[in-house]
Every structure is written in structure tokens, then in C-alpha cells.
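Letter by letter, the chains look like this.
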Amino acid sequence: MPGRIQVPNDDELLKAISWFAKNPTGFVQHIIGAEPDPWQAEALNALARGHHVAIRSGHGVGKTALTAWAILWKLTCFPFSTIPCTAPTQRQLNDVLWAEIARWLQGSQVLSTLLWWTATRVSVKGFEARWFAVARSAARPENLAGFHSEHLLYVVDEASGVDDELMMVVEGALTTGKAQALLVSNPTRPSGYFIDRWNPAKAGDRWFTMTVSAEDSPRVSR
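Here's a quick rundown of the structure. Quick caveat: nothing in here was measured; it's all calculated off a predicted structure. (Residues numbered from 1 in each chain as written. Predicted model: local features only at pLDDT ≥ 70, side-chain atom pairs only at ≥ 80, totals over all residues. Heavy atoms only, no water.)

## A word on the overall build of the protein
In step 1: What the protein contains, in helices and strands, is 9 helices and 8 strands.
In step 2: Against the compact-globule benchmark of 17 Å for 222 residues, the protein has a radius of gyration of 16 Å, which places it among compact chains.
In step 3: Over its C-alpha atoms, taken along the principal directions, the protein stretches across nearly 50 × 45 × 35 Å.
In step 4: Within the protein, residue pairs in contact and separated by at least 24 positions form 71% of the contacts whose partners lie at least 6 positions apart. (Helix = DSSP H or I, 4+ residues; strand = E, 2+ residues; numbered from the N terminus. Rg over C-alpha atoms; globule rule 2.2 N^0.38 Å. Contact = heavy atoms within 4.5 Å.)

## Some points on the pairing of strand S6 (residues 153-157)
In step 1: The element S6 is largely enclosed, with a buried count of 5 among its 5 residues.
In step 2: As paired strands, strand S2 (residues 82-86) and S6 are joined by 2 bridges and run parallel to one another. Directly across from Cys85, in S6, lies its bridge partner Val155.
In step 3: Both S6 and strand S7 (residues 180-185) contribute to a ladder of 5 bridges, which runs parallel. Among the inter-strand pairings, Val155 is bridged to a residue of S7, identified as Leu182.
In step 4: Handedness of the crossover joining S6 and S7 through helix H7 (residues 164-173): right-handed. (Buried < 20%, exposed > 50% of the residue type's maximum accessible area, 1.4 Å probe, protein only. Pairing = 2+ DSSP bridges. Right-handed = clockwise from strand over helix to strand, strands pointing away.)

## Quick word on the packing of helix H4 (residues 63-77) against helix H5 (residues 90-106)
In step 1: One can describe the packing of H4 onto H5 by two numbers: an axis separation of 9 Å at closest approach and a directional angle of 65°. Relative to H5, the crossing made by H4 is right-handed. On H5, the residues touching Thr64, Ala65, Thr67, Ala68, Trp69, Ile71 and Leu72 of H4 are Val96, Leu97, Glu100, Ile101, Trp104 and Leu105.
In step 2: In the contact of H4 with H5, the residues fall into 10 nonpolar, 2 polar and 1 charged. (Axes fitted to C-alpha atoms, helices over the stretch in contact; angles between N-to-C directions. Left-handed = near helix turned anticlockwise from the far one by under 90°. Nonpolar A, V, L, I, M, F, W, Y, C, P; charged D, E, K, R; others polar.)

Following this line, the structure appears as C-alpha cells:
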């Protein structure tokens, strides 16, 4: 049954991490203590299969929760993972996404033991310099350049509002190794890099895309 579990010993933890790396929905249920909606589980599973993921939706359906869960899953289950995160404004990063990460991290006995949260960085304790998620402003493209890791995940919140010039930095990084991207947004623009992910001729076949209607979400009041 879903629910929080006690902190396991080292051997149990290694076995659990190996399983959770392939089963992010189980990670959310048992480590974070939440129950993903079906569309959230579908998006998490697409990341586990190695896809880039782009999600467009209305407000309030659970995009930020999904993004926080994905960051915590990647950070916990993949050795020396690096997760650069950006958004159109510093407020979106600090007051929305980073606050959501803190909410779920602090509510989990396992994660609060393993991870260290600050206002701009979440890292694995004892490996803070090499194993982390970091909040970077979208003000300049170079803010997202230069990241290297076997397990690299770029996260762009409210991606429709991020300049295409910056997204080209992300696009360039996605051509290397196992690098992935998670883009979530209210589709505020009818054109640009984010909306092009729904065009197979421009996006290619590695992108998994979803459109989540607020009208169909149990989280949004009528």
C-alpha cells in the first residue's frame, strides 16, 4: 500500500533505489507519500523510459507537484545526477518550484535524511558539489550552459515563457549521452520552442508530449 516507509539500512536502500529508478510512480507513493494522478504517473514513466517530456495544461492540475517529484526522483535514484532548473522569472523558481520541492522533501523521512535543501540548491548530503539540482535564472543563456553529468536532467517550468535562445542551450545539451528534459507550462504562446515539441517534424521521436485539460482535472474546481 502507498505510504511513507522507515529509513532502511544501506543494503535495503541500494536495492530500493535500483527498483525506484525504474518505477518513479512507486517512488512518489512510497518515498514521498503522495498518489500521482494517472497523467502524472504517465509522465513520470516516460522519463523513466528515457524520453524528454513536455506537458501543456491549464493552471492547478498538478504540474508543479509533478516537476518537484521528478527532480527528487532523479536526484535520489541516479548517482551524481545534475538537474539545472529554470523558469521565466526568479519568483517562479524560488516561490513556486523550489517551495514545492521543500514541501515534499521535508515531508519525507527518507528524503530529509538524504538531501540538503537551500534556497537555490538541493543536493545529496556529502556530495553537494557533484550531485545536485540548482535553480538558475532564465535571464541569460549562459546560465544553463556548461553542465555535464551522466544523468543530466534539464527542468524548465513555465517553458512557454522562456526565450527560444535559452532553449537552444538546452537543445544542444540534449544531444549528449543520457541527457533529458522536462518542460511544463501553461501554453501562453502559439509558437516557439515549447509548442514545437508537439510537431514531430521539429521535435523528433524522443519527445513524449501531453496536454492536460483543467476541465478534466479533479484538482481544479468547476
